[in-house]
Amino acid sequence: MKKIKDILNEIMDISRIPMVLYDTDGKCVGASSADPDPSSLADNVLEFVHSNVDSQSLGTLHYFKVLCCDTLAYVLVVSSQSLDSLTIGRLTVCHLRHLLESQEESVTKSGFIRNLVNGSLTASEISRQIKKLRLSSATWAAFAIECREGFADSYAYQLLEHAFAGHKLDLCCELDETHLLLVKDISNILKEYKHTSKEKGIRKKKNDAADAEQTAASLKLFAQTLVDTLRAEALVQTYVGYSTCADSFSQLTRIYHEALTALNIRRTFFEERDTIAYDRLGIGRLIAELPADLCNAFLYEVFGTRLPDDLDEETQNTIQKFYENNLNISETARQLYLHRNTLVYRLERLEKTLGLDIRKFEDAMTFKLAMMVLAHVREQKA
């Protein structure tokens, strides 16, 4: 799109003839000027789109259809204030057509999905590229993959492309130096991982709840396989956030943002997890949406002016095990190979430091929430 705008601006500068470019929905997408006014022409453009002619003159304007591979891509409107307007308009259409067709020749699946989720494709470009790549609708899930140290020196992307995106309707691309994206046709995931899910105890039932349960289990297993394979084969520290499902190209941007959101929330609140689903973010989703002033007010209410400094590793491990064992002192002490009184001493020392006794359910819940809010605040400032 940028090249198209640059060409139009350059032609306008040379010819001094105002031009406006519209997509097939009547939306102004290209170079424009005060004359003609883009917003006032939308209805005329839509009528012209549905007409059987390739060009027409109406009042003080020339209308041209810009085709790409025999498909309508844009409508160019040129002011007829100059004697050369008609010729300049036709030359501009010719230039744009050749540019679009050359771009279509270089379209790849990876380039298509990257530009689609980034919002850099117009509706007509999406339609043309889908046709060019011979893609059809499916039911997809998006997997945002974070490679902690980057993947420039590994073959992580090649592994992703060949081992996990080998089916016709699968799409993958590089997002930046540390993130990859896989948009996977879930019918293949369900076929390959269904038997494993059964082994986990999911019974086959003819209802929507059972189908949703089966899909969720299969996506989780597939995401973990992604992590394990990339770590073992490409030697990159990998984490995955994945989305809900989409069944049309128009929804791919949504599931991309879901997967990315899950990945970001994992980093802030669930760092111990390798994979995380967008529809399993729990309270992390709520905290991530809180405004900064509300977070700071809550932290002041819990900790006052003395926020807890980074806890040492021993204390963090103790707290984590204590929560994992549902505040059970005896079981936590056993797993930490501690005497029960030693654990009690540690928890009492933490109470003196924080003013919260996490042996009590209310204080334990408050402390857990406060630490999640604190992590969110620090992530926002980073």
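Residues numbered from 1 in each chain as written. Predicted model: local features only at pLDDT ≥ 70, side-chain atom pairs only at ≥ 80, totals over all residues. Heavy atoms only, no water.

**Details of the overall build of the chain**
Part 1 of the reasoning: Helix and strand content of the chain: 15 helices and nine strands.
Part 2 of the reasoning: In terms of C-alpha radius of gyration, the chain reaches 28 Å, well past the compact-globule figure of 21 Å for 382 residues.
Part 3 of the reasoning: Seen through its principal axes, the chain has C-alpha atoms that stretch 95 × 50 × 45 Å.
Part 4 of the reasoning: Buried residues in the chain amount to 44% of all 382 residues.
Part 5 of the reasoning: Look at the contacts in the chain between residues 6 or more apart in sequence, and 60% of them connect residues 24 or more apart.
Part 6 of the reasoning: Surface accessibility of the chain: about 20800 Å² in total, with carbon and sulfur atoms responsible for 49%.
Part 7 of the reasoning: For the chain, the distance from the average site of its 45 positive side-chain charges to the average site of its 54 negative ones is 6 Å. (Helix = DSSP H or I, 4+ residues; strand = E, 2+ residues; numbered from the N terminus. Rg over C-alpha atoms; globule rule 2.2 N^0.38 Å. Buried < 20%, exposed > 50% of the residue type's maximum accessible area, 1.4 Å probe, protein only. Contact = heavy atoms within 4.5 Å. Areas by Shrake-Rupley, 256 points an atom, 1.4 Å probe, with all protein chains shown as cover. Lys, Arg positive; Asp, Glu negative; His and termini not counted. Charge placed at Lys NZ, Arg CZ, Asp CG, Glu CD.)

**What about the packing of aromatic side chains?**
Part 1 of the reasoning: One pass over the full model with this rule turns up seven aromatic pairs.
Part 2 of the reasoning: Geometrically, the ring pair formed by Phe112 and Phe249 is edge-to-face, given 6.3 Å between the ring centres and 70 degrees between the ring planes. Within this pair, whereas Phe112 is found in helix α4 (residues 109–117), its partner Phe249 is found in the loop between β8 (238–246) and α9 (252–269), the two being separated by 137 residues in sequence.
Part 3 of the reasoning: Judged by its relative accessible area of 0%, Phe112 falls in the buried class.
Part 4 of the reasoning: Owing to a relative accessible area of 12%, Phe249 belongs among the buried residues under this scheme.
Part 5 of the reasoning: Geometrically, the ring pair formed by Phe164 and Phe222 is edge-to-face, given 5.8 Å between the ring centres and 80 degrees between the ring planes. (Phe/Tyr/Trp six-rings, centres within 6.5 Å; stacked < 30°, edge-to-face > 60°.)

**Considering the confidence of the model for the chain**
Part 1 of the reasoning: Within the chain, residue pLDDT values average 86, and 92% of them lie at 70 or more.
Part 2 of the reasoning: Summarising per-element confidence for the chain, the mean pLDDT is lowest in helix α7 (residues 186–199) (71) and highest in strand β9 (residues 275–277) (96).
Part 3 of the reasoning: Here residues 195–205 scores under 50 on pLDDT; set against residues more than four positions off or in separate chains, the count is 13 contacts. (pLDDT = per-residue confidence, 0-100.)

**Quick look at unusual backbone geometry**
Part 1 of the reasoning: Despite not being glycine, Arg134 shows a phi value in the positive range, around 60 degrees.
Part 2 of the reasoning: Along the chain, the position of Arg134 falls in the loop between α5 (123–133) and β5 (140–147).
Part 3 of the reasoning: Unusually for a residue other than glycine, Asn326 sits at a positive phi of about 55 degrees.
Part 4 of the reasoning: Tracing the backbone through its elements, the reader meets Asn326 in the loop between α12 (313–324) and α13 (329–335).

**A word on the nonpolar core**
Part 1 of the reasoning: Grouped together as the largest cluster of nonpolar side chains are 29 residues, with contacts concentrated most on Phe269, Phe270, Leu299, Phe303, Ile358, Phe367 and Val373.
Part 2 of the reasoning: Those elements giving two or more residues to this core turn out to be α9, α11 (292–303), α12, α13, α14 (340–354) and α15 (361–381).
Part 3 of the reasoning: A per-element tally of this core places α15 first, with seven residues.
Part 4 of the reasoning: Every residue in contact with Ile358, bar those within four places of it in the chain, is listed here: Ile319, Phe322, Tyr323, Leu327, Leu347, Leu350, Asp363, Ala364 and Phe367.
Part 5 of the reasoning: Of all hydrophobic cores here, the second largest spans 28 residues; its members include Cys172, Tyr193, Leu226 and Leu230. (Core = buried A, V, L, I, M, F, W, Y, C linked by side-chain atoms within 4.5 Å.)

**Quick word on the sheet that holds β5**
Part 1 of the reasoning: Across the sheet, five strands lie side by side as β6-β7-β5-β8-β9; this open sheet has mixed pairing. Two strands bound the open sheet, and with one partner strand each, they are β6 (171–174) and β9. Neighbour-to-neighbour, the strand axes of this sheet turn through a mean angle of 15 degrees, independent of strand direction.
Part 2 of the reasoning: Sheet topology note: the β5/β8 ladder contains seven bridges and is antiparallel. The residue of β8 that forms the bridge with Ile145 is Val240. (Pairing = 2+ DSSP bridges. Axes fitted to C-alpha atoms, helices over the stretch in contact; angles between N-to-C directions.)

**Considering the sheet that holds strand β2 (residues 55–58)**
Each strand in a sheet pairs with another by means of backbone hydrogen bonds, the pair being arranged parallel or else antiparallel.
Part 1 of the reasoning: The strand order across the open sheet built from four strands is β1-β4-β3-β2, with neighbouring strands paired in antiparallel fashion. This sheet does not close on itself; its edge strands, each paired only once, are β1 (19–22) and β2. The mean inter-strand angle of the sheet, taken between neighbouring strand axes irrespective of direction, is 20 degrees.
Part 2 of the reasoning: With respect to the sheet, helix α2 (residues 42–49) is in contact with β1, β2, β3 (61–68) and β4 (71–79), its orientation differing from that of β3 by roughly 50 degrees.
Part 3 of the reasoning: Each of β3 and β4 touches α5; the most contacted strand, β4, lies at about 150 degrees to it.

**Overview of the pairing of β3**
Part 1 of the reasoning: Across the eight residues that make up β3, a large majority, seven, are buried.
Part 2 of the reasoning: The pairing of β2 with β3 spans four bridges and is classified as antiparallel. Directly across from Gln56, in β3, lies its bridge partner Tyr63.

**Structural notes on the side chain of Asn325**
Part 1 of the reasoning: For Asn325, the position within the fold is in the loop between α12 and α13.
Part 2 of the reasoning: Exposure remark for Asn325: the relative accessible area of 13% places this residue in the buried category.
Part 3 of the reasoning: Here Lys321 takes part through its backbone oxygen, which lies 2.8 Å from a polar atom of the side chain of Asn325.
Part 4 of the reasoning: For Asn325, the residues in contact, after removing those within four places along its chain, are Glu331, Thr332 and Gln335. (Polar contact = N/O pair within 3.5 Å; in protein donor to acceptor, adjacent residues only side chain to side chain.)

**Considering the packing of α4 against α9**
Part 1 of the reasoning: At their nearest, the axes of α4 and α9 sit 9 Å apart, and the two run at 80 degrees to each other. In terms of orientation, α4 lies roughly perpendicular with respect to α9. On α9, the residues that touch Ile113, Leu116 and Val117 of α4 are Leu252, Thr253, Tyr256 and His257. (Parallel < 35°, antiparallel > 145°, perpendicular 65-115°, else oblique.)

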